[in-house]
Structures are given as structure tokens and as C-alpha cells.
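Secondary and tertiary structure notes
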Amino acid sequence: MEIDFNKNNDGLVPAIIQDALTKNVLMLGYMNEEAYQKTVDTNRVTFFSRTKNRLWTKGEESGNFLNLVTIKNDCDQDTLLITVSPVGPTCHKGTDTCWDEDNIQKFGFLSDLEAVIKNRKENVDNDKSYVASLFKAGINKVAQKVGEEAVEVVIEAKDDNDDLFLNESADLLFHYLILLQAKDFSLKDIVKVLESRS
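Residues numbered from 1 in each chain as written. Predicted model: local features only at pLDDT ≥ 70, side-chain atom pairs only at ≥ 80, totals over all residues. Heavy atoms only, no water.

Under an unreviewed UniProt entry, the chain has the name Histidine biosynthesis bifunctional protein HisIE and belongs to Aquimarina addita. Per its UniProt entry, the chain bears the Subcellular location (unreviewed entry) comment "Cytoplasm". (UniProt positions renumbered as here; feature names shortened; annotations may be inferred.)

This is the structure we're talking about:
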């Protein structure tokens, strides 16, 4: 990998640190050639600290290391994207990220939908929504709906109407998310099982 450490005349390149699993950006640091080489040699992310004016391995005092997974160089060869497996919080203030965000795995819109479903479950007594009505009806009703939607997906899969197939698939996924919440699980739990099988 060719890295242009001299582009900014200070021998440093920005190093964006991203969690390899959650894909969340954890922090930004700077590396010189020596810090890069130490990172590669030790599999622990090392920066050049501009305030301390020396190499600094993240976690050297706290034990909250950033274990190296991959390093990629950008198109101009002057910015690194480093994926890591973090040990503990990343920020020196004790937060998961330097932007004070939780480093949790997110699935875009599906995570937003899960949050709505969870909220409906937690407020079932004051909610008149369809989702709340399923929670009120109990686990048997929720499981029955998943079964019904699964059968409808199979039926539509055998036909040529893609629109119906996609709509039934969406209904199945929606009701499955409700079932997961009814059982006090989430997509993260399913992902863990799938990862353990890969």
C-alpha cells in the first residue's frame, strides 16, 4: 500500500477509525509512517499524537485498545480507513465514540422500525395501533400472523406477480419483527446466530 505521508508537509495522514462489526465511526486520529508500521506490526492501532509529539497506542494507559482488522487507503493515498475491534470505549471521556454516540449495530430503516415496534409494546395500554393490538392479543396471535404471512409469501413466490410477492415479503418481515419483540429479542440477536454459523 502506498501512502502519501508527505502531502501535507507534516508527515501525517488522517486515520478514520471504524468498528468492523457495527460500521460506526469511532474516532479520527493521525498517523505518520512509524505509527502506521507499528499498527501493522502489533495489530493494535497506534497514532502520532500531535499534543504529546510522540507515538501513542490507543489503550496504552486505559487498556481500551483498538485491535486492527483492516486498513484501506483512499483514492488520493492520503487518508486511511481503519476497521477495528474495539476493547471498551474509544473516547478518552469514556464514551463509545468521540461523538458521544453508542456503538451499537444498526440496520438502517429496519432499526427505526424496530424502535417503533418496541415503543408500541412498552406503551401497549395507551396505544390503539395495530401493533399494540397484536401485543395485547398475546404471543399466540403474533405467531399465528407470522405463520399466515409466511404461507402468503410461499404462495406469491410461485406466481409471477413481483409486486404481490414483495408486499407479502414486507408483511412477513414486519410481523416477524413484532414476534422478535414479543419474545424480547431483536435483529441483533438473529445476526449473532447467523454470524456464529458463518
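This next bit is on the overall build of the chain. Looking only at helices and strands, the chain has six helices and six strands in total. Mapped in sequence order, the helices and strands of the chain form the string β-β-α-β-β-β-β-α-α-α-α-α. Computed over C-alpha atoms, the radius of gyration of the chain comes to 23 Å, more than 25% over the 16 Å expected from 2.2 N^0.38 for 198 residues, which places it beyond the range of a compact globule. Along the first, second and third principal axes, the C-alpha atoms of the chain reach 65 × 40 × 30 Å. Expressed as a percentage of its 198 residues, the buried residues of the chain come to 36%. (Helix = DSSP H or I, 4+ residues; strand = E, 2+ residues; numbered from the N terminus. Rg over C-alpha atoms; globule rule 2.2 N^0.38 Å. Buried < 20%, exposed > 50% of the residue type's maximum accessible area, 1.4 Å probe, protein only.)

What follows covers the pairing of strand S1 (residues 13-19). With six of seven residues buried, S1 lies mostly within the body of the structure. Here S1 hands over to strand S2 (residues 25-31) after five residues, with Lys23 in that stretch at a positive phi of 70 degrees. In this sheet, strand S6 (residues 80-86) lies alongside S1 in parallel orientation, the contact comprising five bridges. Across the sheet, residue Ala15 finds its bridge partner in S6, namely Leu80. (Pairing = 2+ DSSP bridges.)

Looking now at the environment of Ile155. Along the chain, the position of Ile155 falls in helix H4 (residues 139-157). Measuring from C-alpha to C-alpha, the distance between Ile155 and Phe165 comes to 8.4 Å, with 10 residues separating the pair along the chain.

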